[in-house]
There are 4 protein chains.
Amino acid sequence: MNTFGHNFRLTSFGESHSQAIGGIVDGCPPGVAVDYDLLLSEMARRHLGADATTRQEPDDVELLSGILNGVTLGTPIAFIIRNKEQRSTDYNDLADCYRPGHADFTWQQRYGLRDFRGGGRASARETAVRVAAGALAKMVLRQRLINVEASVLYNPTPAENDSSGGIIQCTVRGLPAGVGNPIFGKLNACLAAAIMSIPSATGFEMGEGFSAAHMKGSEWADQWRSDGSLGTVTNHCGGIQGGISNGMPILFRAAFHPVATLPIPTQCLTPLGTTKTITPHGRHDRNHIPRTVVVVEAMTALVIADLLGSS
Amino acid sequence: MNTFGHNFRLTSFGESHSQAIGGIVDGCPPGVAVDYDLLLSEMARRHLGADATTRQEPDDVELLSGILNGVTLGTPIAFIIRNKEQRSTDYNDLADCYRPGHADFTWQQRYGLRDFRGGGRASARETAVRVAAGALAKMVLRQRLINVEASVLYNPTPAENDSSGGIIQCTVRGLPAGVGNPIFGKLNACLAAAIMSIPSATGFEMGEGFSAAHMKGSEWADQWRSDGSLGTVTNHCGGIQGGISNGMPILFRAAFHPVATLPIPTQCLTPLGTTKTITPHGRHDRNHIPRTVVVVEAMTALVIADLLGSS
Amino acid sequence: MNTFGHNFRLTSFGESHSQAIGGIVDGCPPGVAVDYDLLLSEMARRHLGADATTRQEPDDVELLSGILNGVTLGTPIAFIIRNKEQRSTDYNDLADCYRPGHADFTWQQRYGLRDFRGGGRASARETAVRVAAGALAKMVLRQRLINVEASVLYNPTPAENDSSGGIIQCTVRGLPAGVGNPIFGKLNACLAAAIMSIPSATGFEMGEGFSAAHMKGSEWADQWRSDGSLGTVTNHCGGIQGGISNGMPILFRAAFHPVATLPIPTQCLTPLGTTKTITPHGRHDRNHIPRTVVVVEAMTALVIADLLGSS
Amino acid sequence: MNTFGHNFRLTSFGESHSQAIGGIVDGCPPGVAVDYDLLLSEMARRHLGADATTRQEPDDVELLSGILNGVTLGTPIAFIIRNKEQRSTDYNDLADCYRPGHADFTWQQRYGLRDFRGGGRASARETAVRVAAGALAKMVLRQRLINVEASVLYNPTPAENDSSGGIIQCTVRGLPAGVGNPIFGKLNACLAAAIMSIPSATGFEMGEGFSAAHMKGSEWADQWRSDGSLGTVTNHCGGIQGGISNGMPILFRAAFHPVATLPIPTQCLTPLGTTKTITPHGRHDRNHIPRTVVVVEAMTALVIADLLGSS
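Just so it is clear, the structure is predicted and the values come from calculations on it, not from any experiment.

1. Digging into the packing of helix α3 (residues 127-143) of chain A against helix α6 (residues 289-308) of chain A
All names here are of chain A. Here α3 crosses α6 at 50°, and the two axes come no closer than 7 Å. Put simply, α3 runs oblique to α6. Classified by chirality, the crossing of α6 by α3 is left-handed. Contacts between α3 and α6 pair T127, R130, V131, A133, G134, A137, K138 and L141 from the former with V294, V295, E297, A298, M299, A301, L302, I304, A305 and L308 from the latter. Grouping the amino acids of the contact of α3 with α6 by side-chain chemistry returns 13 nonpolar, two polar and three charged.

2. Section: the sheet that holds strand β3 (residues 20-26) of chain B
All names here are of chain B. Strand order in the open sheet formed by five strands is β1-β2-β3-β7-β4, and the pairing between neighbours is antiparallel. The sheet is open, and its two edges are formed by β1 (3-4) and β4 (62-63), each paired on a single side. Across two bridges, the pairing between β4 and strand β7 (residues 77-82) is antiparallel. In the strand pairing of β7, E62 is matched with I80.

3. Some words on the relation of the copies chain A and chain B
For the pair chain A and chain B, the superposition axis carries a translation of 0.0 Å, the fit reaches an RMSD of 0.0 Å, and the rotation angle comes to 180°. What we have between these two chains is a two-fold relation. A share of 100% of the interface residues of chain A reappears at the interface of chain B, consistent with the copies meeting face to face through the same patch.

4. What to know about the relation of the copies chain A and chain C
Overlay of chain A on chain C (RMSD 0.0 Å): rotation 180°, translation along the axis 0.0 Å. Same-surface contact between copies: 100% of interface residues of chain A are shared with the interface of chain C.

5. A closer look at the pattern of salt bridges
Should their charged atoms come close, side chains of opposite charge can pair. Residue and element names in this part refer to chain A. Considering all chains together, one arrives at 56 salt bridges over all chains under this definition. Put simply, E42 and R45 hold a salt bridge, and the shortest N to O gap is 3.0 Å. Residue E42 and its partner R45 are located together in helix α1 (residues 36-45), separated by three residues, close to a single helical turn. Here E42 falls in the buried class, since its relative accessible area comes to 4%. Looking at R45, the relative accessible area reads 25%, which means it is partly exposed. Beyond isolated ion pairs, a larger network of salt bridges with shared partners links E42, R45, K138 and E297.

How each quantity is defined
Numbers given to residues run from 1 along each chain, matching the order in which its sequence is written. Just so you know, chain letters begin at A and ligand numbers begin at 1, following the order they were written in. Thresholds applied to this predicted model are a pLDDT of at least 70 for local features of residues and 80 or more for the giving and counting of side-chain atom pairs; totals over whole chains, interfaces and linings are not thresholded and use all residues. With hydrogens and water set aside, each side-chain value is computed from the structure's full complement of heavy atoms. Axis lines are fitted through C-alpha atoms, for helices just across the contact stretch, and the angle between N-to-C directions can take any value from 0 to 180 degrees. Helix and strand definitions follow DSSP, with helices as H or I runs of at least four residues and strands as E runs of at least two, each counted in order from the N terminus. Throughout, the term roughly parallel applies to angles under 35 degrees, roughly antiparallel to angles over 145, roughly perpendicular to angles from 65 to 115, and oblique to all others. Crossing handedness is defined as follows: a turn of the near helix away from the far one that is anticlockwise and smaller than a right angle gives a left-handed crossing, while the clockwise case is right-handed. We call two residues in contact when some of their heavy atoms are within 4.5 Å. Ten residues, namely Ala, Val, Leu, Ile, Met, Phe, Trp, Tyr, Cys and Pro, are considered nonpolar, four, namely Asp, Glu, Lys and Arg, are considered charged, and the remaining ones, Gly among them, are considered polar. Only strands that DSSP links by at least two bridges are regarded as paired with each other. Our superposition of the copies is a least-squares fit, built on the C-alpha atoms of residues whose pLDDT is at least 70 in both. By definition here, a salt bridge exists when the distance from a side-chain nitrogen of Lys or Arg to a carboxyl oxygen of Asp or Glu is within 4 Å. A 1.4 Å probe rolled over the protein chains alone gives each residue an accessible area, and that area as a share of the maximum for its type sets the label: buried under 20%, exposed over 50%, partly exposed in between.

This is the structure we're talking about:
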């Protein structure tokens, strides 16, 4: 389904070329001051480096409910972002064409039909909804002095007519010890699911991550500080033990593959099982990593706000 | 909460030293033949290489409901595994002691009290429940000719009085195209959450994983076979596009850190904020990777059985 | 939370005087033809007999997503209904005033603040969202030849400056045997929850309902037809046995209390614990029963569409 | 599914003649003292008046996890009740026979197979699990001085070889104002679903219930006390306004039909569509109302404990 979270819960809607995309945030605590500037700046961060994109949408977010006099009511906060361009003619050649490296084929198998215009619901355009909801989550976290900050760790410059991926790291500071659930609902499991749900995510690691496989147990265990200050000397585990935060910064990294759409002749599969060649036009990010940073932050903020609970 | 999945759903219970551990599998389709030999052999695989463990439990699984004449009824299947040893005296020195690299401290912060005997609910003993439920999930998958198989990819020999981690890879074969959900419930996101919920997991990657960050878009996109056979020439994406299976094998890897408990003097934190030194005894795996393989398979089978749905 | 259902799932938002009310229907099967006329006529039925209401809203429903060329995509269908009047000055006297027979006091206790304009989220205006979503559910049911029809069973004419309640009966025809879940998710339990969630509902009974308490067991049991036609001679149970439909018509009745707001001096409670007298103006239905009929149908259709499942 | 509740959550298992029935209570707060005497006495109350039952089971409840030194840990509390009699030979004549007034036919339609021994999972025996879990919920409520008490309001003496139903009323005292959720998760809707899920329930009404349909609005609204004491003069609404408790006692009634199984020749439906006559033996309650009282209390306690939340 299209819902993320339990206590602080986002339900998302919209296709790339439907009238609007948007969502409902349910479970936002009452009494949170709504920071419209933060909302605007987060949406703007998602357009960072969108140089290769011909469609330039300002992505105005219209808040429809759940707020009175600039303060949340504890009721659902609905928001919509109008899609400015809904010309479907640009995309008619995609109606019977499954592009390589895209969800065209799998979506068709899953639902039996799909909105082929610009990727439809499978378009990365849906991340705008995540960012808007993430901004609301950040407003909640800020009240508790919790800060989520991601940055680019690795991101090569794309060659001409090609695209590049990269690695993003993220840190959560100010999270108290005791947040998260044991067994299946571990904080690290929730973060992994959230980050791996971002389009083009291919890997996730907490703390030392894959390097931990090369460490000895005697190196791995983060030793308690013996000077009386709470916390550990090292932070190999990335701030989570047994699925629950330990008060140290939460640290993780995520890998993203390059976007598959390139403005070059591309061999597609057809519903008949044959192939045909098209040259994609429309939106294609040569380098989506800089703008994916705010999406990583948004999903992280949603996870933390959700686990902090609310009613 | 202690429930995993939606359609094929495991609810788990039990502490390391409570009377029993076990679970309820709800949503198993009616009419599945119960393979008791598979159940036994999976439980046995979890004891592989348990050389450093002084406690040798056969882990008999008692099935209590949901089965008539060796066939599932579609009703909840409850199972229990008795804990043979419940002597708590061995563990009294852990009552006011938070070991480094364990969940002792975080669990105490989360709940305000904990069963300190052998790790209590945070003990890796709970993975026996996952393996038993995973065996049931495998019986469901087998009916559809779906096979889950994991193996050790990297696992150094531990030094004396030390422990080692490693990397496990897993492949799902026979999964048809169209399984998984878009947006938040992507198959890769579900697998990531499942695997990262396993004790000591530190990283997860699908297909090329972290290597994908180094690829160009022109390399990344898996090209359709042009010989008329359905599928792709390469499988960089690991069998999932847009969160939905594409009919190719599902491929992922996971990293695990070494177990932190070593039979050497260890500095623990106390509730007063001071430290004290203990020498752990009882269970400690010098190398848990070989036995974690079946846990990875179990969680994977649970995810697939859940997404295949049932009623 | 503000979500109803699991497979066919409505998430609702909006206050009486927010910019809009609306919802997201998630889990509607792909390929359902959208009948806009039905949607319009259902919304119109909700305005039946709204004589005492000074605010006359046409309640245009704007569909924002999930539909392509008049057919559902299987993706979330979002819809909004703009609130035409948002003047809050009319309601300033309600800011520190809890009316008798309303949710003003309980809502304040629950959330610590509330939108006092016209009842805010507790206003019966939210039933417009149920009716719109119910129309979508009916489109799904119609494809399977399932029909939901409610009517007024008892509804006295209100005295001057007073209001009246009543009893509504509902029948579902065409539902095959085998729909519903045993134990906690019984079809009758789902219907009871759905109907009792309608504003002003005070009672619910299936089949013989409260009269069943006066029957002997020898009278109660619906005997099988012996002429070879499937079904029972009587339908005391209202078409549900053990929580699951038996193929006979589903029959239930629901009672509703009269609306409490009357245009006469009314003693309210204040946050200080004192009372003060106001004379309510604005919306107040002297007789809401005729317009509640379509709300009963909508909730029933949502329950059935949900239980029929989808993916 | 077989799970009830969200925060305080019962997952139930077991057939009438499986090895055991039982459940897992997840979300019970840590630190609750376990009152074994209450658990025993509640189980005993469920056997009240079981005179017509040939099977006399003591229903020992074995608690398997989640408790240390008589106090809850906040982890899942699993419990099992062994079925003493599992002789299936008594029931062979029910294998191809759908009794009137039972779930035999509907269950077969739903699942395609069923455990026909004594009703299988559809047997009222599953209410023992509700009562055991309800006892745990009562322990939680008692800490907050909340009391749930039900009693028989109407219950005629059954004629010979016949059975009788009745009406049970229930009161919750000590519940503070502000408990429950608006819109779909109203406290009254949750109670209705809980009570209507009890085997043989046919009706539910809050406060004035069906009588409210006959009241004028000027009579209906419960007026605030003007003497400074918080509360209302009357309690027509049964303590709930807008789905949320108002601090007055919660009042509701429920109707139950008589048990359909009588020790007389009974015409059953067969899978071939023909009828055949059997004379039921085994368990059959001539009057289940006295023992259903504790089931009503259990479900009510589960609802309240769930809504009070926990973590």
